[in-house]
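# Coordinate inspection notes
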Amino acid sequence: VSDHKDEVNKFFNLNINKETKGYYYTIQYFVAILICETPFLFNVASDCIVNFDNEYFKKSIELLNNNDRILTTTLSWSLNPNVAIECEKHVLSLFKTSEPPLIDFNYCKDFSDQVFLVNVDNMKNVDYNTNHPETSHYPEYGGNCFEKRTCGFLLKEHKYRAIYKHGNYVHDGHIFN
């Protein structure tokens, strides 16, 4: 990963190195996007377990190709659909949208690097130097990490992460029931 640091900095107009706070939470995502040779990238963090139906990729790719308001898709972070729905209602209450409802997804303006599917070309065109005051909830130890940078872009550009209703993931062994 470190072998690509200079190329990442140049391509994405960044200035990150091993001494940069959050470097180790950030660099691998930029490298993956930069060197990906497929149109789409599916990321699952090593401390996550995913569960989804056979339609997730098909519906996500269709949404990413046909809706320029959606930057990324992901899965719900709960096995309990009622908890997932309540979490989504809370998120949606914070980020109300006038977008037309989605059948298989919920809108969200927050971003997590734990599990996501993206169109690589779209991610190559994100301004990762976008700051936004509503990204202060990201952990301080992560610095201006990939996750925070992507969320800042979503907020500034009025774009969304779409959370798939028919799948979930468990992070770090925690299941929210």
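Residues numbered from 1 in each chain as written. Predicted model: local features only at pLDDT ≥ 70, side-chain atom pairs only at ≥ 80, totals over all residues. Heavy atoms only, no water.

When you line up the elements, D47 lands in the loop between β1 (40-44) and β2 (48-52). Using a relative accessible area of 32% as the deciding quantity, one classes D47 as partly exposed. Residues D47 and H171 lie 124 residues apart in sequence; the distance between their C-alpha atoms is 5.9 Å. (Helix = DSSP H or I, 4+ residues; strand = E, 2+ residues; numbered from the N terminus. Buried < 20%, exposed > 50% of the residue type's maximum accessible area, 1.4 Å probe, protein only.)

Next up on the list: the environment of V118. Mapping V118 onto the fold places it in strand β5 (residues 115-119). The exposure class assigned to V118 is buried, which follows from its relative accessible area of 0%. Sequence spacing of V118 and P39 is 79 residues, and the spatial spacing of their C-alpha atoms is 8.6 Å. Non-local contacts of V118, meaning those with residues more than four positions away in its chain, are made with P39, F40, L41, L64, L71, T72 and M123. (Contact = heavy atoms within 4.5 Å.)

On to the pairing of strand β4 (residues 105-108), then. With burial as the criterion, each face of β4 is covered, one bearing F105 and Y107 and the other bearing N106 and C108. Note that β4 and strand β6 (residues 160-171) share 4 bridges and pair antiparallel. Across the sheet, Y107 pairs through a bridge with A162, a residue of β6. (Pairing = 2+ DSSP bridges.)

The backbone of N13 sits at a positive phi, close to 55 degrees, despite the residue not being glycine. Here N13 is to be found in the loop between α1 (5-12) and α2 (23-35). Even without a glycine there, the phi angle at H158 is positive, about 55 degrees. Assignment of secondary structure puts H158 in the loop between α6 (146-157) and β6. For H158, a relative accessible area of 47% translates into the label partly exposed.

Under the defined criterion, the tally for this structure stands at 22 aromatic pairs. Their ring planes at 50 degrees and their centres at 6.1 Å tell us that Y29 and F116 sit as a pair that is tilted. Placement of the pair is Y29 in helix α2 and F116 in strand β5, with a sequence separation of 87 residues. Neither Y29 nor F116 differs from the other in exposure class; each is buried. Ring geometry for F42 and F57: centres 5.0 Å apart, planes at 85 degrees, overall edge-to-face. Of this pair, F42 sits in strand β1 while F57 sits in helix α3 (residues 56-66), placing them 15 residues apart in sequence. Given a relative accessible area of 28%, F42 falls into the partly exposed group. Sitting over the face of the ring of Y160, K109 holds its NZ or CZ atom 5.2 Å from the ring centroid. (Phe/Tyr/Trp six-rings, centres within 6.5 Å; stacked < 30°, edge-to-face > 60°. Lys NZ or Arg CZ within 6 Å of the ring centre and 35° of its normal.)

Attention shifts here to α6. The end-to-end C-alpha distance of α6 is 16 Å, a good match for the 16 Å that 12 residues give at a rise of 1.5 Å each. Counting buried positions over the 12 residues of α6 gives 9, a clear majority of the element. Of the residues making up α6, those classed as buried are F146, E147, R149, T150, C151, G152, F153, L154 and L155. Of the surrounding secondary structure, the elements contacted by the buried residues of α6 are α2, β3 (70-76), β5, α5 (120-124) and β6. (Expected span 1.5 Å × (residues − 1).)

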